[in-house]
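Residues per chain are reported as follows:
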Amino acid sequence: MSVRDEIYILEDDPLVAGTIAHVLEEYGYATHRFRTAGELLAAVARQAPQLAIVDLGLPDRDGMDVVRELRQSADCGVLILTGRDILSDRVLGLELGADDYMVKPFEPRELVARIRSILRRRSPSAATGKDRRLARFGPWRYDPASFTLSDADGTEQILGAAEARLLQCFLEKPNRVLSREQLAGNSELSPLDRSIDVRVSRLRKRLDDDTPSSRLINTVYGAGYVLTARVRWEIG
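Residues numbered from 1 in each chain as written. Predicted model: local features only at pLDDT ≥ 70, side-chain atom pairs only at ≥ 80, totals over all residues. Heavy atoms only, no water.

A. Broad picture of the sheet that holds strand 9 (residues 156–158). Spatially, 9-8-7-6-12 is the arrangement adopted by the five strands of the open sheet, whose pairing is antiparallel. The sheet is open, and its two edges are formed by strand 9 and strand 12 (231–235), each paired on a single side. Each adjacent strand pair in this sheet contributes to an overall mean axis angle of 25°, direction not counted. Pairing between strand 6 (residues 133–137) and strand 7 (residues 140–143): three bridges, direction antiparallel. Across the sheet, residue F137 finds its bridge partner in strand 7, namely W140. (Pairing = 2+ DSSP bridges. Helix = DSSP H or I, 4+ residues; strand = E, 2+ residues; numbered from the N terminus. Axes fitted to C-alpha atoms, helices over the stretch in contact; angles between N-to-C directions.)

B. Structural detail: the pattern of salt bridges. Considering all chains together, one arrives at 17 salt bridges under this definition. Among the ionic contacts, a cluster of salt bridges with common partners joins E11, D55 and K104. (Salt bridge = Lys/Arg side-chain N within 4 Å of Asp/Glu carboxyl O.)

C. How the structure looks around the environment of L92. Within the fold, L92 resides in helix 4 (residues 87–95). The exposure class assigned to L92 is partly exposed, which follows from its relative accessible area of 34%. Distance in space between the C-alpha atoms of L92 and R204 is 44 Å, their sequence separation being 112 residues. (Buried < 20%, exposed > 50% of the residue type's maximum accessible area, 1.4 Å probe, protein only.)

D. View of the packing of aromatic side chains. All chains considered together, the criterion is met by one aromatic pair. Seen from the ring of W233, R133 lies directly overhead, with NZ or CZ sitting 3.9 Å from the centre. (Phe/Tyr/Trp six-rings, centres within 6.5 Å; stacked < 30°, edge-to-face > 60°. Lys NZ or Arg CZ within 6 Å of the ring centre and 35° of its normal.)

E. The arrangement of unusual backbone geometry in detail. Looking along the chain, the bond that leaves K104 and enters P105 is cis, with omega of -5°. Its identity as a non-glycine residue notwithstanding, F147 has a phi of 60°, on the positive side. Relative to the helices and strands, F147 is located in the loop between strand 7 and strand 8 (148–150). Using a relative accessible area of 9% as the deciding quantity, one classes F147 as buried.

Keep in mind that these numbers describe shape and distance, not what the molecule does.
Right, here's the structure in full:
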């Protein structure tokens, strides 16, 4: 995912729109909020986003009309996010061309997972059949394209953008001590800045890496951190 991925949010409730935007921005997406169909469609005419999230209950038009128009005039993914949990609406929305349909209230991680799935299916590599690199290390498999970490049983979890960047650094340079500056991508990192240490701690929890004697990510005091695992890259 690129931090340039843009998502338009069509939602007339400012609180809900703000919640959606906050969740997506935490995962590295750029967001733009619109309260009416007219505002969204005018913005899309100027510059189409990678994906539009559309509520069905709007003050100026029915959301289904917006989905239909987006499919006719714009090259972007469409996710319906609505409080209308009616089978006929779900079927109609998908028939009009929506890529997915979610009902409020939503679980943030599920929303992000569905967005990533849509963007992955619409990516140039998916369209051309181009393969992606997957990393295997210890009992884990990691897909950098979707930030998806899978254990030996196939249970998946989606990493946040900061955790994903950190894990990518370790996987690209396994069994090498990486300084906090290298991991942060900032050569002028303050000695008092503990953000990388916090991220490493969070990543360890993701990896169930809490036992010091058998850790995948080890601390090298005064130097940084090292991923002590064999990493095998394969085509997925």
